[in-house]
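# Observations on chain architecture
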Amino acid sequence: VRAAFLGPGAPPGPPSRSAVPPTRESPRYPLGEEKEFSRDRHYVNILSAPNPNGEVRGQLETIDPYPEVALTARLEGRQVVPAVDTRSRGCALFTYDCDAARMEYLVFHNVPNPIGASIHAGNPGTSGSLFFDLVRFENPIFGSRILNREEEFLFFNQQFYVSITSVDVPTGELRGQITAEFDFFAYMSGTWVSPPVSTDAVGCATFKLKDNRRTLSYSIHHSVDNPIGVEVAIGNVGQNGLLDKPLRRESSPIIGDDEAMDDDELDRFLRDQMYVQVRSADHPNGELRGQINRISPCFPDRGSTLTIDSEIAAPPPPPPGQMNEPPPPPPTFGPTPPTFVVGDSPVGISLFGDDDDNDNGNNNPDDFDFSPLSPGGDAGIPLFSPSENSPGPPPPNPSQPQPPPPPPVPGQPRPPAPP
């Protein structure tokens, strides 16, 4: 066993006692090597007489770490523009590492004869533009991509969607908006069965509580051959729990929105103490299992917040007893309004002034709206509501003469200008 990432070589660690397979040992790791091992930095090297430096090598990697999902998607024909009548369905799970700006994805679908899989940028109900093609279109689809700041903003603004095209519908048979609406998920593999099983089947599921958290909506997808049952059970990770809800069918997809939840079930559900499992003829105790967790998006700290590209500061007050010139008039927006910046450059943000017809007659000049990425030019979101700004008189009109400011009282300093 040697310590190195995939690719470079490294000095050997303690050799095994025997080179004759199978080799079964329990080496003891000190703390430093344990940290390297948990970072997938160890590999096994088999030496031979013809190849004394190594004939075969295999990196020791973590098996199926459970993902911390940021957003999910349900793939349906009715989301395609225009809608498509199809019995195919799918789901997708997306993780995002805010430090590395890496988005990883699992896309699962049952489209017959697929010819393409891609992610597009666009709002629900609109035909967006191609962002990138996925690494493959056969099910299941695993992959990753590094996002820049603008793409990161679109991702967290839920303006990407997944599209699956097929021979029958080359313009798109399935579509799913990447969203936080379905805020519970399960990633199913044989690793999480207790005890684990070896299988190439995988699955994913999305859940949503509705009707005041009394009803569970679910969409479960898997690739198990010869399934004999799909259940939702109560139990912690690694624990074989209590069967709670046997679902009405076992073949993928399993879709429903009418599963009632009592108080005890809701408490366990919100505590991540429920899981979904798929049993098969080969593994009657469970071939796939996934704990039901809530999505947990990270918080980007890469300059992806909305900022105004101008700074307005009040002048400092004059020293006591000192007379100053009259303060300059408050700054006003010139012909070019300040820009909302996402990362290094403006992206899809509209800033516009208030319309007199939409301020209830207040004629409030400080009522600005902004519309993030709204191709339809909607009404935007009020940044400063009338209640937060005193009605007051309107600002002076430069084209009209203004009365001079009152003279200062002798011996008294001019009060500081308001911010």
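The notes below deal with the structure included here. All figures in this text were calculated on a predicted structure; none of them were measured in a lab.

The rules behind the values
Think of each chain on its own: its residues are numbered from 1, step by step along the sequence as written. pLDDT decides what is reported in this predicted model: residues at 70 or higher carry local features, side-chain atom pairs at 80 or more are listed and counted, and totals for whole chains, interfaces and linings draw on all residues regardless. The basis for every side-chain value is the complete set of heavy atoms in the structure, and neither hydrogens nor water enter the calculation. A pair of cysteine sulfur atoms is labelled a disulfide when the two atoms are within 2.5 Å. The helix and strand labels rest on DSSP assignments: H or I over at least four residues marks a helix, E over at least two residues marks a strand, and numbering proceeds from the N terminus. By definition, two strands form a pair when at least two bridges between them are found by DSSP. Residue contacts follow a heavy-atom distance rule, with two residues in contact if any of their heavy atoms lie within 4.5 Å. Each axis is a line fitted through C-alpha atoms, taken for helices only over the stretch in contact, and angles between the N-to-C directions span 0 to 180 degrees. Categorising residues by exposure relies on relative accessible area from a 1.4 Å probe, with only protein chains included: less than 20% of the type maximum marks a residue as buried, more than 50% marks it as exposed, and the intermediate range marks it as partly exposed. When charges are counted, Lys and Arg are positive and Asp and Glu negative, with His and the chain ends excluded. A pairing counts as a salt bridge when a side-chain nitrogen of Lys or Arg comes within 4 Å of a carboxyl oxygen of Asp or Glu. What qualifies as a polar contact is a pair of N or O atoms within 3.5 Å, subject to a donor-acceptor requirement within protein and to the restriction that residues adjacent in sequence count only when both atoms come from side chains. Working definition of a nonpolar core: buried Ala, Val, Leu, Ile, Met, Phe, Trp, Tyr and Cys residues. They are joined through side-chain atoms within 4.5 Å.

### Some thoughts on the state of the cysteines
Scanning the model with the defined rule gives two disulfides in all. Shown here is the disulfide that connects cysteine 91 with cysteine 204, its sulfur atoms set 1.6 Å apart. Handedness here is read from the sign of the S-S torsion; for cysteine 91 and cysteine 204, about 80°, the answer is right-handed. Of this pair, cysteine 91 sits in strand β5 (residues 90-97) while cysteine 204 sits in strand β13 (residues 203-210), and the two are 113 residues apart along the sequence.

### Some details on unusual backbone geometry
Going from valine 81 to proline 82, the amide bond is cis rather than trans, its omega being -5°. Looking at the secondary structure, you find proline 82 in the loop between β4 (69-75) and β5. Despite not being glycine, aspartate 211 has its phi angle at roughly 55°, a positive value. Relative to the helices and strands, aspartate 211 is located in the loop between β13 and β14 (215-222). The phi dihedral of asparagine 212 falls on the positive side, at around 60°, and the residue is not glycine. Tracing the backbone shows asparagine 212 in the loop between β13 and β14.

### Some thoughts on the sheet that holds β13
Across the sheet, five strands lie side by side as β17-β14-β13-β12-β20; this open sheet has antiparallel pairing. If you trace the sheet from one side to the other, it starts and ends with β17 (254-260) and β20 (293-294), each paired once. This element, helix α3 (residues 263-270), spans β12 (184-188), β13, β14 and β17 of the sheet and lies at about 125° to β13.

### Some thoughts on the side chain of glutamate 287
Tracing the chain through its elements places glutamate 287 in the loop between β18 (274-280) and β19 (288-291). With no salt bridge to any partner, buried glutamate 287 finds its closest opposite charge in arginine 279, at an N-O distance of 11 Å. A polar atom in the side chain of glutamate 287 sits 2.7 Å from the side chain of threonine 199. Excluding residues within four positions of it along the chain, glutamate 287 makes contact with Ser189, Gly190, Val193, Val197, Thr199, Ala201, Val224, Val278, Arg279 and Ser280.

### Structural notes on the nonpolar core
If you look at the biggest cluster of nonpolar residues, it comprises 35 residues, and the most contacted ones within it are Phe207, Ile220, Phe269 and Ile292. Among the elements that line this core, the one with the most residues is β12, at five residues. If we skip the residues at most four places from it in the chain, isoleucine 292 touches Phe184, Phe185, Ala186, Phe207, Val232, Phe269, Asp272, Met274, Tyr275 and Val276. In this structure, Ala70, Ala117, Phe155 and Phe160 belong to the second largest nonpolar core, which totals 27 residues.

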